[in-house]
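Understanding the architecture of this molecule
Below are the chains, spelled out letter by letter.
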Amino acid sequence: MILVLRALGVGDLVTAVPALRALRAAYPDRELALAAPAWLAPLVDLVGGVDRLVDTAGLDRPAWPGPAPEVAVNLHGRGPQSHRLLAAARPGRLLAFANRDAGFVAGPRWVADEHEVDRWCRLLSWYGIPADPGDLALRRPVPAGLPTGATVLHPGSKIPAKRWPAERFAALARALTDRGHRVLLTGSADERPLAARVADAAGLPPTAVLAGRTDLGALAALVAGARLVVSGDTGVAHLATGYGTASVVLFGPVPPAHWGPPPDRPRHRVLWAGEEDRPRWDGVGSHPTLAALHLDEVLAAVAEVERVVRVSGAVAA
């Protein structure tokens, strides 16, 4: 059995897809168990190749209570906590980055300035397991009665600093509605008040607020069938990449070079103001790198990705 640790969120799971598929290909006859939060189960099914999901949220309890795995793979972090968690499962072999504090020096070195997808592909390649960082496509879920062709705006983030100002999301929703878009607002249950505030300021009906009303499978289906996604650096942006749905992603304070969509995919447009000459953040509200992004820039990016979709559709036809 192959045990893989990735006990994180939506974006973390989607950026690990190429590595997970590489492990599936390397061990086709072994059971592949993924230690990750149980609520990710609908998305794990859309990744494919995972035989078992072991409910693991964070690093506070054992990642595997069963017999020792043949191989344990740390796709969670640099260690030492994640290394020790996997070592406690007594694997025959551990694939991980080198970490002296964990007593593990056999792996490759950790590189801080590296894209998340490339990081885990490089880890596996070091151990002789080839991985394709472009292998990001997700299985398309059953629509299950959800609207298709809608424009999905996702104003929230579990990290407040990564939220574009709500009033700008409202102005964007108004502008897109005026241009013929059917705008829907997504988010978690905790983000429903934020989504409702944006909808109210934009003049959208309460039915446009889907925040807190969709599980992860339904959210994936909504994004897969959407016309466009506009969000911050969140899991929804990674779903748009996985489905090839046109997207505009607003980055800050983390640069897109670490978490953005592949730069060679013109359906996905990244906006990043950079940190140079930005005011110091006071810890309240949007980070200055996001506050520096204005409505006209976002609308121009929307027009750009929609033009790409039209041209690519015409070529395909």
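Look a little higher up for the structure.
Quick look at the structure, then. (Residues numbered from 1 in each chain as written. Predicted model: local features only at pLDDT ≥ 70, side-chain atom pairs only at ≥ 80, totals over all residues. Heavy atoms only, no water.)

**Topic: the overall build of the chain**
Per the secondary structure count, the chain includes 12 helices and 10 strands. Principal-axis analysis of the C-alpha atoms gives the chain an extent of 60 × 45 × 40 Å. Within the chain, the proportion of its 317 residues that are buried is 54%. In the chain, the share of contacts with a sequence separation of at least 24, taken over all contacts with a separation of at least 6, comes to 59%. (Helix = DSSP H or I, 4+ residues; strand = E, 2+ residues; numbered from the N terminus. Buried < 20%, exposed > 50% of the residue type's maximum accessible area, 1.4 Å probe, protein only. Contact = heavy atoms within 4.5 Å.)

**Section: the sheet that holds strand E2 (residues 32–36)**
As summarised here, the arrangement of the five strands in space is E3-E2-E1-E4-E5, forming an open sheet in which the pairing is parallel. Strand pairing shows two members of the sheet lacking a second neighbour, strand E3 (52–55) and strand E5 (93–95), which therefore form its edges. In this sheet, neighbouring strand axes are inclined to one another by 20° on average, regardless of whether the strands run parallel or antiparallel. Two strands pair when backbone bridges link them, and E2 and E3 are joined in this way by four bridges, in the parallel orientation. Bridge pairing in E3 places Ala36 opposite Asp55. Along the sheet, helix H2 (residues 17–26) makes contact with strand E1 (2–5), E2 and strand E4 (71–74), crossing E2 at roughly 155°. (Pairing = 2+ DSSP bridges. Axes fitted to C-alpha atoms, helices over the stretch in contact; angles between N-to-C directions.)

**Some remarks on the packing of helix H8 (residues 216–224) against helix H9 (residues 235–243)**
Helices that pack against each other are described as a pair by the angle of their axes relative to one another and the distance between those axes. Across the interface, H8 lies against H9 with an axial gap of 9 Å and an inter-helix angle of 55°. Relative to H9, the element H8 is oriented oblique. The chirality of how H8 crosses H9 is right-handed. On H9, the residues that touch Leu219, Ala220, Val223 and Ala224 of H8 are Val236, Leu239, Ala240 and Tyr243. Here the residues of the contact of H8 with H9 are counted per class, giving eight nonpolar, no polar and no charged. (Parallel < 35°, antiparallel > 145°, perpendicular 65-115°, else oblique. Left-handed = near helix turned anticlockwise from the far one by under 90°. Nonpolar A, V, L, I, M, F, W, Y, C, P; charged D, E, K, R; others polar.)

**Points about the pairing of strand E6 (residues 151–154)**
Along E6, one buried face is formed by Thr151 and Leu153 and the opposite face, lined by Val152 and His154, is buried too. For E6 and strand E7 (residues 183–185), the ladder comprises three bridges, and the chain directions are parallel. Bridging from a neighbouring strand, Leu153 pairs with Leu185 of E7. In terms of handedness, the path from E6 via helix H6 (residues 166–178) over to E7 forms a crossover that is right-handed. Here E6 runs beside strand E8 (residues 228–232); their pairing, made up of four bridges, is parallel. Paired with His154 across the two strands is Ser231, which belongs to E8. (Right-handed = clockwise from strand over helix to strand, strands pointing away.)

**Observations regarding the environment of Trp126**
Looking at the element boundaries, Trp126 is found in helix H5 (residues 116–126). Along the primary structure Trp126 and Arg227 are separated by 101 residues, whereas in three dimensions their C-alpha atoms are 39 Å apart.

**Description of the pattern of salt bridges**
Side-chain pairs of opposite charge can arise where the charged atoms are in close proximity. Summed over all chains, the structure comprises 12 salt bridges. With a closest N to O distance of 3.0 Å, Asp135 and Arg21 form a salt bridge. Of this pair, Asp135 sits in the loop between H5 and E6 while Arg21 sits in helix H2, and the two are 114 residues apart along the sequence. Between Arg269 and Glu304 there is a salt bridge, with its nearest N and O atoms 3.1 Å apart. Highlighted residues: Arg269 in strand E10 (residues 268–272) and Glu304 in helix H12 (residues 295–316), separated in sequence by 35 residues. Classification of Glu304 as partly exposed rests on a relative accessible area of 34%. Salt bridges sharing partners connect three or more residues here, namely Arg6, Glu114, Glu116, Arg119 and Arg122. (Salt bridge = Lys/Arg side-chain N within 4 Å of Asp/Glu carboxyl O.)

**Observations regarding unusual backbone geometry**
A cis amide bond links Gly79 to the next residue, Pro80, at an omega of 10°. That bond from Gly252 to Pro253 is cis: its omega, -10°, falls within 30 degrees of zero. The backbone phi angle of Arg90 is positive, close to 60°, even though this residue is not glycine. Tracing the sequence through the fold places Arg90 in the loop between helix H4 (81–87) and E5. Of the residues examined, Arg90 reaches a relative accessible area of 54% and is grouped as exposed.

**Some details on helix H7 (residues 192–202)**
For H7, every residue scored as buried is listed here: Leu194, Ala195, Val198, Ala199 and Ala202. Angularly, the buried residues of H7 cover 135° about the axis, an arc narrow enough to put them on a single face. Exposed side of H7, more than 90 degrees from the buried face: Pro193 and Asp200 are the residues found there. Next to the buried residues of H7 lie H6 and E7. Two residues or fewer after H7 comes Gly203, characterised by a positive phi angle close to 75°. (Arc of directions from axis to C-beta.)

**So, the sheet that holds strand E9 (residues 247–251)**
Spatially, the five strands line up as an open sheet ordered E7-E6-E8-E9-E10, and their pairing is parallel. Lying at the two open borders of the sheet, with one neighbouring strand each, are E7 and E10. Neighbour-to-neighbour, the strand axes of the sheet open up by a mean angle of 15°, direction not taken into account. Contacts from H6 reach E6, E7, E8 and E9, with the element oriented near 175° to E6.

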